[in-house]
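As a plain string of letters, each chain reads:
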Amino acid sequence: MKTRSKLFIIIGALLLAATYYFPLWVIDLQAPQYPEGLGLEIWINRITGAHDYDLQKVNNLNHYIGMKAIYPESIPELKVMPWVMRALMLVGIIVGIAGKRSWLTVLLILFVIVAIAGFIDYYMWGYDYGHNLDVENAIIKIPGQSYQPPLIGSKMILNFKAVSLPGIGGWAVILSFLTWLSIAVIEHKQARKQYEHSK
Amino acid sequence: MFNFKNICMIGFSLLFLCGLLLIGCSNQEVGGTGDAARKVYVPPGSYDEFYAFFSGGFSGQVTVHGLPSGRLLKTIPVFSQNAENGYGYNEESKNMLMTSFGFIPWDDAHHPELSQTNGVPDGRWLFINANNTPRIARIDLKSFETTEIIQIPNSGGNHASPFVTPNNEYVVASTRFSVPIPQADVSIESYKENFKGTITFIKVEETGKMEIAFQILVPGFNYDLSHSGKGPSFGWSFFTCYNTEQANNLLEVNASRNDKDFIAAVNWKLAEQYIAEGKFRTLDANYRHNYLDENHIAKSETGESVKVLDPQNCPGLIYYLPTPKSPHGVDVDPTGEYIVGGGKLAAVIPVHSFSKMISAIENKEFESEVDGIPVLKYESVMAGEVQNPGLGPLHTEFDGKGYAYTSMFLSSEITKWKLGTWEVVDRVPTYYSIGHLMIPGGDSQSPWGKYVIALNKITKDRYLPTGPELAHAAQMYDITGDKMELLLDFPTMGEPHYAQAIPASLVMENQVKIYPLEDNHHPYAVKSEAESKVERKGNEVHAYITTIRTHFSPDNIEGVKVGDKVYFHITNLEQDWDIPHGFAIMGARTSELLVMPGATNTIVWEPQQPGVYPFYCTDFCSALHQEMQGYVRVSPRGSNTPIKFNTKK
């Protein structure tokens, strides 16, 4: 493997550090009464409001529909995710130093598994909050209405337009994956060229 | 008798007169044209360019308008109780209206004055005077809330107040009505012998907190208005006075006899030095100093003495500048060189020169002395007189481009004139009888000279009639061109004496939207529904109630008895902008509460008869606002109903 490729694999790994400084995912809630904006940010280790007190505001709004309040400290994923991210970074750096093509493939597979697991978990979490409502005490009950925010993209939830998109941290993760994938493809082509050349 | 020719003549004359009247009307009604409408139109959802603060006069409050639209944005309660939000009724704010005379629910507010940095309004605080029971209030422009009121001892009628020095070193106060100092039971006819005036300098800390630094004992005249020096005249303050005749009755006639009264030039830098040298005596005093503490609860402290300087022992502290005919306003131009007097009965506008004043002092060009205060020669200090400006000059503001604008009460007009040449360049009518006038920053070192507002005393036919009492009219003129152009009329509250305005950008960024619950250290605050409770302490019942959309916790309370004093401590758990909750209970002889997000307020209720009484939220807060209610059961005096309440599980 070329030194340049190795370097890029390490850069890819370091990019993941951005998830400590920026949110992975942002859910923007748009309604006429909130011209100043309202939203949630999902970080690798916490959930916060997009602005001061947004989490309290969202929890208060959610009590009308019987949704559970979001208490970030009681969400186990937020404790696991930092370790997964650290592991991925560590493996990435090792692969970069070692410069083995097969190791890179393993890294990519590992990455895809983590990403899929993450998305499934995130979806299930959203599904749980959006569907398991305290129907008994809910103030607003609309038959058939669920309140699950979209995984990605936008959706009307009562008077709110919920727009769910990757945050800067999320884009860093995507960029990191694309970096590794490109290196894998380039190296694969390189190897194939060498193979054909040697034939 | 009438031949055809004569009839034609009369007919033509009438037609001609009608034509003149029509022309007259169209000239008069320049406002309301399409061009003027465009200049004052602020489209829905857009902001005004300026915040304007109007004194509420006899309403005791301050109103906030946007300019150029003239829209009313808020009424800030200051010197009067305001049942609308509980100001002066709730336990937190009651002390704000305490004085040495006890609780006073009203006053007459005259002059709003923005705090300044380097001689320019800085948007931190607004000061305003109470004329009747002498006080100065400070409003915090982060929350648009009265946060401090200090009473001025040894004073009667705090009119020349609360004008600031260029860095809020001091706000000033003075007696419009001289009184015996210290107060005493003396014959009113002994005025000349026993009555004195005071000029008070109140120190303003970096936090805004006020403290009476010193008072200067002055001859018993009527001290009317003030402005501080700036630039070269920094360190001086100027006060007009009338009634140098020292009349004690029928002042209308008896105080109008002298051709000239005075502008007092006070060297406050020198006063500081005299204080440091210990040249003061300490007079007993009794005044209140009220301020919001860190828990947002008004504390009322009593002041018991004050440092007093006597000009007799303090040479150079004060000089009198003779000024024609009972001067009212005294205004210092942006350069700090010119001191404009508003001789309300004078036919000219007299302008004094600061530099000439200083050389006149050096050359001892005095014409006389009053109680140790040298009177300078008029000719030695005069910079010029504006000739034929109209009648009844009162107040002058500046546009920062070399022009001055003076209000003419008697001839109902604004006169624009040039500083230095003293020539009148434009005059426009006002409707009617203008008092103060205001240009944003127009009394500062750097005016935003875009508009002048006329604050008129008489309204008559300007609006739809509303019975004998009419709203006072403010009028706004564009002053960006050579000619002043009337743009807008708008009604105001009470009698707005003076107003000040500041670019919105200097205020809007600092606005408090909520009070963080974690910073709420009110002794009766509860931070969650789980902590809400009701406790009995003798015949006092303390209900610690929380509000959040859309319920009270607790909302059922039993065990209250006739004869109890019930304290409702309401904590608003909301942390969302513009979501206050109200609290009102049937039969309360106090007021309602409006509790801001994250704040705690307390109102007292003394139930008179057994029964069950509803309480509810008065500020529409959510779709289920109508459900936001509760009940208090009141049992007869001496019954055994235990305290019982519910909290949400």
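Coordinates for the structure precede this section.
Presented here is a report on the structure given in the accompanying data block. (Residues numbered from 1 in each chain as written. Chains lettered and ligands numbered in written order. Predicted model: local features only at pLDDT ≥ 70, side-chain atom pairs only at ≥ 80, totals over all residues. Heavy atoms only, no water.)

**Some words on the sheet that holds strand S1 (residues 50-55) of chain B**
Residues and elements named next belong to chain B. For the record, the criterion: Only strands joined by at least two bridges in the DSSP assignment are considered to pair. Segments assigned H or I by DSSP are reported as helices when at least four residues long, segments assigned E as strands when at least two residues long, and all are numbered from the N terminus. Simply put, an axis is a line fit to the C-alpha atoms, just over the touching stretch for a helix, and the angle between two N-to-C directions goes from 0 to 180 degrees.
Across the sheet, four strands lie side by side as S3-S2-S1-S34; this open sheet has antiparallel pairing. Each of the sheet's edge strands pairs with one partner strand only, and the pair in question is strand S3 (72-76) and strand S34 (499-503). Neighbouring strand axes in the sheet, compared pairwise and without regard to direction, differ in orientation by 20 degrees on average. Sheet topology places S1 next to strand S2 (residues 62-67); six bridges connect them, and they run antiparallel. Of the residues in S2, the one forming a bridge with Phe54 is Thr63.

**Focus on the interface of chain A and chain B**
To keep it simple, the criterion reads: Contacts are residue-level and defined by heavy atoms, with any inter-residue pair within 4.5 Å sufficient. As used here, buried area is the combined drop in accessible area, with a 1.4 Å probe, of two parts when they are placed together. Any pair of nitrogen or oxygen atoms within 3.5 Å is treated as a polar contact; in protein, a donor-acceptor pairing is required on top of that, and neighbouring residues in sequence qualify only through side-chain atoms on both sides.
The partner chain B presents twelve residues to the eight residues of chain A that form the contact. Buried surface at the junction of chain A and chain B, both sides included, amounts to about 910 Å², of which 52% is carbon and sulfur. Looking only at chain A, the three residues that lose the most surface to chain B are A:Tyr53, A:Asn60 and A:Tyr64, adding up to 54% of its buried area. The tally of links from chain A across to chain B stands at seven residue pairs in polar contact (both at pLDDT 80 or more).

**Notes on the sheet that holds strand S29 (residues 424-429) of chain B**
Residues and elements named next belong to chain B. Read from one edge of the open sheet, four strands run S26-S27-S28-S29, paired in antiparallel fashion. Each edge of the open sheet carries a strand with a single partner, namely strand S26 (393-398) and S29. Taking the axes of each pair of neighbouring strands and ignoring which way they run, one obtains an average angle of 20 degrees across the sheet. The sheet contact formed by S26 and strand S27 (residues 403-408) spans four bridges and is antiparallel. Bridge pairing links Glu397 to Tyr405 in S27.

**Comments concerning empty space enclosed by the protein**
Residues and elements named next belong to chain B. The cut-off we apply is this: Buriedness of a pocket was judged along seven lines, with at least five required to meet protein on both sides within 12 Å; pockets are open sets of points on a 1 Å grid over the protein atoms alone, cavities are sets where a 1.4 Å probe fits but cannot get out, and lining residues have an atom within 4 Å of a point. Grid points are joined across faces, edges and corners, and a volume is the space filled by probe spheres set on the points. Under this grouping Gly is polar, as are all residues other than the nonpolar Ala, Val, Leu, Ile, Met, Phe, Trp, Tyr, Cys and Pro and the charged Asp, Glu, Lys and Arg.
Summed over all chains, the structure comprises two cavities of 30 Å³ or more. The volume enclosed by the largest cavity comes to roughly 80 Å³. As for the largest cavity, its lining consists of Glu113, Gln116, Gly119, Phe163, Val164, Pro166, His227, Ser228, Gly229, Lys230, Asp443 and Ser444. Each residue belonging to the lining of the largest cavity can be placed in one class, and the counts come to three nonpolar, six polar and three charged. Forming the boundary of the second largest cavity are Phe163, Leu225, Ser226, His227, Val330, Asp331, His395, Thr396, Glu397, His436, Leu437 and Tyr498. Of all elements in the fold, only strand S14 (222-228), strand S20 (327-332), S26 and strand S30 (434-438) reach the threshold of two or more residues within the lining of the second largest cavity. When its residues are assigned to classes, the lining of the second largest cavity shows five nonpolar, five polar and two charged.

**Some details on the packing of helix H3 (residues 77-98) of chain A against helix H4 (residues 101-131) of chain A**
Residue and element names in this part refer to chain A. The cut-off we apply is this: Here the angle decides the label: under 35 degrees means roughly parallel, over 145 means roughly antiparallel, 65 to 115 means roughly perpendicular, and every other value means oblique. Put simply, a crossing is left-handed when the front helix is turned counterclockwise from the back one by less than a right angle, and right-handed when it is turned clockwise.
Running from N to C, H3 and H4 cross one another at 165 degrees; their axes reach a closest spacing of 10 Å. With respect to each other, H3 and H4 are oriented roughly antiparallel. Crossing hand, H3 versus H4: left-handed. Side by side, H3 and H4 meet where Glu77, Val84, Leu88, Val91, Gly92, Ile94, Val95 and Ala98 of the first sit next to Trp103, Leu104, Leu107, Leu110, Phe111, Val114 and Asp121 of the second.

**Considering the packing of aromatic side chains**
Residues and elements named next belong to chain B. Definition in use: Pairing of aromatic rings covers Phe, Tyr and Trp, the last counted by its six-membered ring, and requires centre-to-centre distances within 6.5 Å; plane angles under 30 degrees mean stacked, over 60 mean edge-to-face, and any other angle means tilted. Three exposure classes are used, based on accessible area relative to the maximum for each residue type with a 1.4 Å probe and protein chains only: buried under 20%, partly exposed in between, and exposed over 50%.
If you walk through the whole model with that rule in mind, you get 39 aromatic pairs over all chains. Residues Phe53 and Phe144 carry aromatic rings whose centres are separated by 5.9 Å and whose planes lie at 35 degrees to one another, so their mutual orientation is tilted. Of this pair, Phe53 sits in strand S1 while Phe144 sits in the loop between strand S8 (135-140) and strand S9 (145-151), and the two are 91 residues apart along the sequence. Note on accessibility: Phe53 and Phe144 belong to one class, buried. With centroids separated by 6.5 Å and ring planes inclined at 75 degrees, the aromatic side chains of Phe201 and Phe239 adopt a geometry described as edge-to-face. Of the two residues, Phe201 sits in strand S12 (residues 195-204) while Phe239 sits in strand S15 (residues 236-242), which places them 38 residues apart along the sequence.

**Describing the pairing of strand S42 (residues 600-605) of chain B**
Residues and elements named next belong to chain B. Taking burial as the measure, the six residues of S42 include six buried ones, the bulk of the element. Every second residue of S42 is oriented toward a common face, with Thr600, Thr602 and Val604 on one face and Asn601, Ile603 and Trp605 on the other, all of them buried. Where strand S39 (residues 565-572) and S42 come together, six bridges link them in antiparallel fashion. For Tyr567, the partnering residue across the bridge sits in S42 and is Val604.

**Topic: the state of the cysteines**
Residue and element names in this part refer to chain B. Going by this rule: Note that a disulfide, as used here, is simply two cysteine sulfur atoms within 2.5 Å.
Under the definition given, this model contains zero disulfides over all chains. We note that Cys241 lacks a disulfide partner, and the nearest cysteine sulfur, in Cys314, lies 18 Å from it. With no disulfide of its own, Cys621 lies 4.0 Å from the sulfur of Cys617, the closest cysteine sulfur. Residue classification places Cys621 among the buried positions, given a relative accessible area of 9%.

**A closer look at the side chain of B:Asn290**
Residue and element names in this part refer to chain B. Along the polypeptide, Asn290 turns up in strand S17 (residues 281-292). Its relative accessible area of 1% is what places Asn290 among the buried residues. For Asn290, the side chain forms a polar contact with the main-chain oxygen of Asn95, separated by 3.0 Å. If we ignore the near neighbours within four places in the chain, the residues touching Asn290 are Asn95, Met96, Leu97, Met98, Thr147, Glu148, Ile149, Lys299, Ser300 and Glu301.

**Here we look at the nonpolar core**
The following threshold applies: Only buried residues count toward a nonpolar core. Its members are Ala, Val, Leu, Ile, Met, Phe, Trp, Tyr and Cys residues joined through side-chain atoms within 4.5 Å.
By size, the foremost hydrophobic cluster in this structure holds 49 residues, and its most contacted members are B:Leu67, B:Phe201, B:Phe214, B:Ile216, B:Leu309 and B:Tyr320. For this core, the element with the highest residue contribution is helix H5 (residues 268-276) of chain B, accounting for five residues. If near-sequence neighbours (up to four positions away) are discounted, B:Ile216 is found in contact with B:Gly197, B:Thr198, B:Ile199, B:Phe201, B:Val266, B:Leu309, B:Pro311, B:Leu317 and B:Ile318. Counting residues in hydrophobic clusters, the runner-up holds 40 residues, among them A:Ile42, A:Ile70, A:Phe160 and A:Ala162.

**A short note on the pattern of salt bridges**
Residue and element names in this part refer to chain B. The criterion, for reference: By definition here, a salt bridge exists when the distance from a side-chain nitrogen of Lys or Arg to a carboxyl oxygen of Asp or Glu is within 4 Å.
Taken as a whole, this structure holds 27 salt bridges over all chains when the rule is applied. The residue Asp478 makes a salt bridge to Lys39 at a minimum N-O spacing of 2.9 Å. Taken together, the positions of Asp478 in strand S32 (residues 473-478) and Lys39 in helix H2 (residues 34-40) put the pair 439 residues apart, joining distant regions of the chain. Accessibility expressed as a relative area gives 30% for Lys39, which makes it partly exposed.

**A short note on the packing of helix H1 (residues 3-15) of chain A against H3(A)**
Residues and elements named next belong to chain A. At their nearest, the axes of H1 and H3 sit 8 Å apart, and the two run at 170 degrees to each other. Judged on the interaxial angle alone, H3 and H1 are roughly antiparallel. Here Lys6, Ile9, Ile10, Ala13 and Leu14 of H1 come into contact with H3, specifically with Met89, Gly92, Ile93, Val95, Gly96, Ile97 and Ala98. A class-by-class count of the residues in the contact of H1 with H3 yields nine nonpolar, two polar and one charged.

**Quick word on a positive patch on the surface**
This is how it is decided: Residues enter patches when they are more than 30% accessible in relative terms and free of salt bridges; like-charged ones are connected within 9 Å and nonpolar ones (Val, Leu, Ile, Met, Phe, Trp, Tyr) within 5 Å. Residue exposure ignores everything except the shown protein chains as possible cover, and the areas themselves are Shrake-Rupley values with a 1.4 Å probe. Positive residues here are Lys and Arg, negative ones are Asp and Glu, while His and the chain termini are left out of the count. For the purpose of locating charges, the reference atoms are NZ of Lys, CZ of Arg, CG of Asp and CD of Glu.
Taken together, A:Lys2, A:Arg4, A:Lys189 and A:Lys193 make up a surface patch of like positive charges. Topologically, A:Lys193 is positioned in helix H5 (residues 168-198).

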